[in-house]
Amino acid sequence: MFLKEYISDVYNGITSLLKGMRQTGYYFFHPKEIITEQYPDNRATLKLADRFKGEVVMPHDENNEHTCTGCTACELACPNGTIKIITRFDITPEGKKKKAIDTFIYHLELCTMCNLCIQACPSDAIKMAPNFEHSVYDRSKLTKKLNLPGSKVKEGIE
Amino acid sequence: MSHEKAINDLKIKSSMFSLEGITSSLHQWLYATLSPTFALLAECVIVILLAIALFAALGLVLVLMERKVAAHIQIRLGPNRVGPGGMFQTVADTLKLIMKEGLTPDKADKFLFNLAPFIVMIVAMLLLAPIAFAKGFQIWDINIGVLYLSAISSLSVIGILMAGWASNNKYSLLGAMRSGAQIVSYELSAGLAILSIVVLSGSLQISDIIAAQENGWWLFKGHIPVIISFVIFIIAVTAETNRAPFDLAEAESELTAGFHTEYSGMRFALFFLAEYINIFIVCAIGATLFLGGWMPLHIGHWEGFNHIMDYIPSSIWFFGKTIFLIFLIMWFRWTFPRLRVDQLLNLEWKYLLPISMLNLILVTIIAIFGWHF
């Protein structure tokens, strides 16, 4: 009984080690698998992962419209006060007041790229962009206004 | 007939340019022009120069090879900036190490601290003596070659213990003690694995062991028991050279750098170089014992195939096999995680040693009844 266990231990040990060596050997003989990006040289053809989180951006469509309703869910979700939303009230043609964003302030210098604001957003107005070349000479340039000038919320987004 | 004559002519021609021809003609020339004492001295000087040149070349090539192999196994590119494809990376590193200050800690035992890297290096140099690099190209064909190798290789632990103790640093001492426990235990199974080949070829002399493999390498001739002892040999020598997965003596995540924590500059480079020289030497021993040293690959009675294999120079066979084994060792250095101390000793005393003892008995039975090919 003991001997059987001993032999199966040795067998399992060897097979699992060989499994590991097969994987690394596969990588060694398939240079196509190499994932190194030779960064400053291949800036134009850089391939980044989809889940790469570089900064928060607000996509606008061709009519300069975004989908942010100004609900401030992202502002509340942010753990370190990176987002500040200034809202205003627009008067609709029917004479009703409607809440809209005036300025979406994003402090890149405070952001930890935790993705909580994107998860909190009910209308998918913001997303993470794969930009990482953020260095500037002045700190104030890191405080960004995400909604473009003159933009407005898309029709039908509440 | 004429075909055979042509082959013989070619053999004579190729032997003129072989290393054996060069060494024997140099030997004759030296003894003809100088008195025997000076001729011997001149030969010693030539051997020393060749050994140092080999060490320097090995250090540069193997470190680069390790970095490249490691990179490709980890899906990286590795050094690729200095020279074409990163070829001169290790040259640049060596230049840097030569320029660096060699610091000796205040409370270190200065004499032992400075002596230790040289001991490790000298052991590596001594191990070079009985290795046959090519046909007839051997420094010293001692009749107890294999015994000499296993005896000298265990001396390197003294250098490591010396370095660890003299550094006056707890990490160094811990690393050195681990290394001592490891080398002393793994020597047993390495020795038993070597013994199985000694039993089969019936000689301790390296040239005899190689000659016994003329009609096929022991790895192929000796059935499964020799394959088992080959595997055990590779595991044991990896442990003896303090390489991952047995690099507990250095264990950078636990002991900063183990026994060479306090070393810097050229003395660190000597330890680093000695590691790679030792890898080369143990792989050369493995190639000699199990893969036939400089013997070309011969398969049974395939005369044509065997003749073609004979045209490849013996030095290329030897270095090819050695590099292959080095690649094997690097392969699992970059695949397996490091063992804990208790796992390390378990592996040796509970698995490798009993298996290799049983295996030695099997090999002996095979040798007695002549069941090998």
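Residues numbered from 1 in each chain as written. Chains lettered and ligands numbered in written order. Predicted model: local features only at pLDDT ≥ 70, side-chain atom pairs only at ≥ 80, totals over all residues. Heavy atoms only, no water.

Draft legend 1. Expanded view of the nonpolar core. Membership of the largest hydrophobic core comes to 96 residues, with the highest contact counts inside it found for Ile197(B), Phe280(B), Ile281(B), Leu289(B), Leu325(B) and Ile326(B). Two domains share this core, each providing at least three of its residues, namely domain 1 (17-92) and domain 2 (100-369) of chain B. Other than its neighbours up to four places away in sequence, Ile281(B) contacts Ala124(B), Leu127(B), Leu128(B) and Ile131(B). Membership of the second largest hydrophobic core comes to 20 residues, among which are Met58(A), Ile85(A), Ala125(A) and Met128(A). (Core = buried A, V, L, I, M, F, W, Y, C linked by side-chain atoms within 4.5 Å. Buried < 20%, exposed > 50% of the residue type's maximum accessible area, 1.4 Å probe, protein only. Domains from an automatic or database assignment. Contact = heavy atoms within 4.5 Å.)

Draft legend 2. Layout of the domain arrangement of chain B. Residue and element names in this part refer to chain B. Each domain of chain B was delimited in the assignment, giving domain 1 (17-92) and domain 2 (100-369). Each of domain 1 and domain 2 was reduced to a C-alpha centroid, and the two centroids are 19 Å apart. With 19 residues of domain 1 at the interface, the matching set in domain 2 holds 24 residues. The junction of domain 1 with domain 2 conceals about 2000 Å² of combined surface from both sides, 84% of it contributed by carbon and sulfur atoms. (Buried area = accessible area lost by both parts, 1.4 Å probe.)

Draft legend 3. Focus on the side chain of Thr24(A). As for its position among the elements, Thr24(A) is in helix α1 (residues 2-29). Residue class for Thr24(A) comes out buried when judged on its relative accessible area of 10%. Within the structure, the side chain of Thr24(A) is placed 2.8 Å from the side chain of Thr335(B), a separation counted as a polar contact. Apart from residues no more than four positions distant in its own chain, Thr24(A) is found in contact with Ile73(B), Trp331(B), Trp334(B) and Thr335(B). (Helix = DSSP H or I, 4+ residues; strand = E, 2+ residues; numbered from the N terminus. Polar contact = N/O pair within 3.5 Å; in protein donor to acceptor, adjacent residues only side chain to side chain.)

Draft legend 4. Focus on the pattern of salt bridges. A complete count under the given rule lists twelve salt bridges over all chains for this structure. A salt bridge links Glu55(A) to Lys144(A); its shortest N-O distance comes to 3.0 Å. Of this pair, Glu55(A) sits in strand β1 (residues 55-57) while Lys144(A) sits in strand β6 (residues 143-145), and the two are 89 residues apart along the sequence. A relative accessible area of 7% means that Glu55(A) is categorised as buried. Owing to a relative accessible area of 26%, Lys144(A) belongs among the partly exposed residues under this scheme. It is possible to trace a salt-bridge network through shared partners that takes in Glu66(B), Arg243(B), Glu275(B) and Arg333(B). (Salt bridge = Lys/Arg side-chain N within 4 Å of Asp/Glu carboxyl O.)

Draft legend 5. Molecular detail of the interface of chain A and chain B. In this complex, chain A contributes 17 residues to the contact, which on the side of chain B involves 18 residues. Between chain A and chain B, a total of about 1700 Å² is buried, with carbon and sulfur atoms accounting for 71% of that surface. Of all residues in chain A, the largest losses of buried area upon contact with chain B belong to Tyr6(A), Met21(A) and Phe28(A), amounting jointly to 36% of the total for that side. Scanning the region where chain A abuts chain B turns up one salt bridge. In this structure, the salt-bridge partner of Asp41(A) is Arg81(B), at a minimum N-O distance of 3.1 Å. Viewed at the interface, chain B and chain A are joined by ten residue pairs in polar contact (both at pLDDT 80 or more). Counted by class, the side of chain A that touches chain B contains nine nonpolar, five polar and three charged residues. (Nonpolar A, V, L, I, M, F, W, Y, C, P; charged D, E, K, R; others polar.)

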